[in-house]
Amino acid sequence: MKCIGIPKQDGFFWPAEFQPQQHVWLAWPERADNWRLGAKPAQQAFRDVIQVIAQSVNVSVAVNAGQYEYARYVLPDHVRVVELSTNDAWMRDFGPTVLINDQQAARAISWQFNAWGGLTNGLYFPWDKDEQVAEKISGLMGIDHYEAPFVMEGGAIHTDGEGTLYTTEECLLNVGRNPSLTKAQIESHLSDYLNISKVIWIPQGLYNDETNGHVDNLMHVIAPAEVVLSWCDDPEDPQYDISRAALDVLNSNDDAKGRRIKVHKLPVPGPLFLTEEEAADIEPSQGMKREAGERLAASYSNFLMINKTVVMPLLDETTDQRAMDVLKKVLPDYQVIGVPGREILLGGGNIHCITQQIPALL
């Protein structure tokens, strides 16, 4: 059911990803103009991610009608497969952002979704099925939902669950999102709908990220006042300056509770590029650039934290272990599991982008 009102006024807030979760949703990939070889390699990668996540929490997968039988066949029996139409598979961005309160209740937000830029600079059209997903999943979960009055995606924001929100100016101030809204107006909407009291604006996201710089591909909040940041030590790499600008902002800001933010550096893989063979296996697209030699927005920060487990992408054998060692060191109470993520990366994101968690009630 649609809620009338404002989440903040109703006492709901957005909990952190490192807090307890009850469920994770994904959508099944199939677009031939985004995933190579008719998405079969991507489907195998999604299956491997799902198998790991399902060890820690209930998992549901939204599947278009034509893919239902195959998805049901290849996915574990204890994973719920739901016939639910989508335009692509980025559940983080068009799925519901779920809020909770201190009376053991939950409500969801259905953001306005326009494929990361609409007709101005979006990646595909139409996106009508994606925009219906949050409401549909809310109904399946028995959760009432708010309809947000502005364009947003789940990958554009991170929170500590204690009043601090992290985002990038590159994304939320992009002309394809909300050109009629000022920065202050966007911040006011974020406060109203997520019940946060401070927004930390990082200038840019990861280099060449086609989402216009989603924060979840640049950094991850791992505890109150503590984050990991994608880091590059090569001065010739465009990511070098981007990471340092982000660090400057994080070092010069306190969080919503007045705490200094502790930053851990997480190496970036590569740089990695789309190969000729991979590009040849992807059908031409109007909006998505899938050409040989295109730099991939590869990031280890694009992991999922789920009930004391970190599910991270494996992307580059020269840096995978270093990245895993960093996460094991800064999250000693977590099990860190790596899953091959290149096939997901080829579509434009990674493990965090394809998942959306439903928080446990207090």
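Residues numbered from 1 in each chain as written. Predicted model: local features only at pLDDT ≥ 70, side-chain atom pairs only at ≥ 80, totals over all residues. Heavy atoms only, no water.

Draft legend 1. Spotlight on the sheet that holds strand β10 (residues 219-223). Read from one edge of the open sheet, three strands run β10-β11-β12, paired in mixed fashion. Only two strands of the sheet have a single neighbouring strand rather than two, namely β10 and β12 (262-267). Put simply, the sheet's adjacent strands are angled 30° from each other on average, direction ignored. Where strand β11 (residues 226-231) meets β12, six bridges bridge the pair, whose relative direction is parallel. (Pairing = 2+ DSSP bridges. Helix = DSSP H or I, 4+ residues; strand = E, 2+ residues; numbered from the N terminus. Axes fitted to C-alpha atoms, helices over the stretch in contact; angles between N-to-C directions.)

Draft legend 2. Region of the structure containing helix α9 (residues 238-252). Under the 1.5 Å per step criterion, the end-to-end length of α9 is 22 Å for 15 residues, consistent within 8% with the ideal 21 Å. The secondary structure elements touched by the buried residues of α9 are β8 (164-168), β9 (198-202), β11 and β12. For α9, the N-terminal cap is Asp237; the gap from its side-chain oxygen to the backbone nitrogen of Gln239 is 2.8 Å. (Expected span 1.5 Å × (residues − 1). Contact = heavy atoms within 4.5 Å. Polar contact = N/O pair within 3.5 Å; in protein donor to acceptor, adjacent residues only side chain to side chain.)

Draft legend 3. Up close: the nonpolar core. Trp28, Val59 and Leu75 are the most contacted members of the largest nonpolar core, which totals 53 residues. It is helix α2 (residues 40-53) that provides the largest number of residues to this core, a total of seven residues. One finds Val249, Val263, Leu296 and Tyr334 within the second-largest nonpolar core, a separate group that totals 46 residues. (Core = buried A, V, L, I, M, F, W, Y, C linked by side-chain atoms within 4.5 Å. Buried < 20%, exposed > 50% of the residue type's maximum accessible area, 1.4 Å probe, protein only.)

Draft legend 4. How the structure looks around the packing of aromatic side chains. By the definition in use, this model includes eight aromatic pairs. Their ring planes at 65° and their centres at 6.4 Å tell us that Phe150 and Tyr193 sit as a pair that is edge-to-face. Linking Phe150 in strand β6 (residues 144-151) with Tyr193 in helix α8 (residues 183-194), this pair joins segments that are 43 residues apart in sequence. An aromatic cluster of at least three residues, connected via ring pairs, comprises Phe94, Phe113, Trp116 and Tyr124. Looking at Lys40, its charged tip hangs above the ring of Tyr70, at a distance of 4.6 Å from the centre. Note that Arg244 overlies the ring of Tyr240, its terminal NZ or CZ placed 3.5 Å from the centroid. (Phe/Tyr/Trp six-rings, centres within 6.5 Å; stacked < 30°, edge-to-face > 60°. Lys NZ or Arg CZ within 6 Å of the ring centre and 35° of its normal.)

Draft legend 5. Here's a closer look at helix α6 (residues 128-141). Where α6 bends most, the angle comes to about 30°, and this point is Ala134. By the burial criterion, the buried members of α6 are Asp130, Val133, Ala134, Ile137 and Ser138. Tucked inside the fold, the buried residues of α6 contact β1 (21-27), α4 (91-94), β5 (106-112) and β6. (Bend = angle between axes of the 7 residues up to and from the residue.)

Draft legend 6. Structural view of the pattern of salt bridges. Under the criterion given, the structure shown has 17 salt bridges. The closest approach of N and O atoms between Asp33 and Arg31, which form a salt bridge, is 2.9 Å. The pair formed by Asp33 and Arg31 is uniform in burial state, with each residue classed as buried. Between Arg342 and Glu278 there is a salt bridge; the shortest N-O distance is 2.8 Å. Taken together, the residues span a long stretch of sequence, with Arg342 in helix α12 (residues 342-345) and Glu278 in helix α10 (residues 276-280) at a distance of 64 residues. Residue class for Glu278 comes out buried when judged on its relative accessible area of 8%. Residues participating in the shared-partner salt-bridge network are Asp160, Glu162, Asp255 and Arg259. (Salt bridge = Lys/Arg side-chain N within 4 Å of Asp/Glu carboxyl O.)

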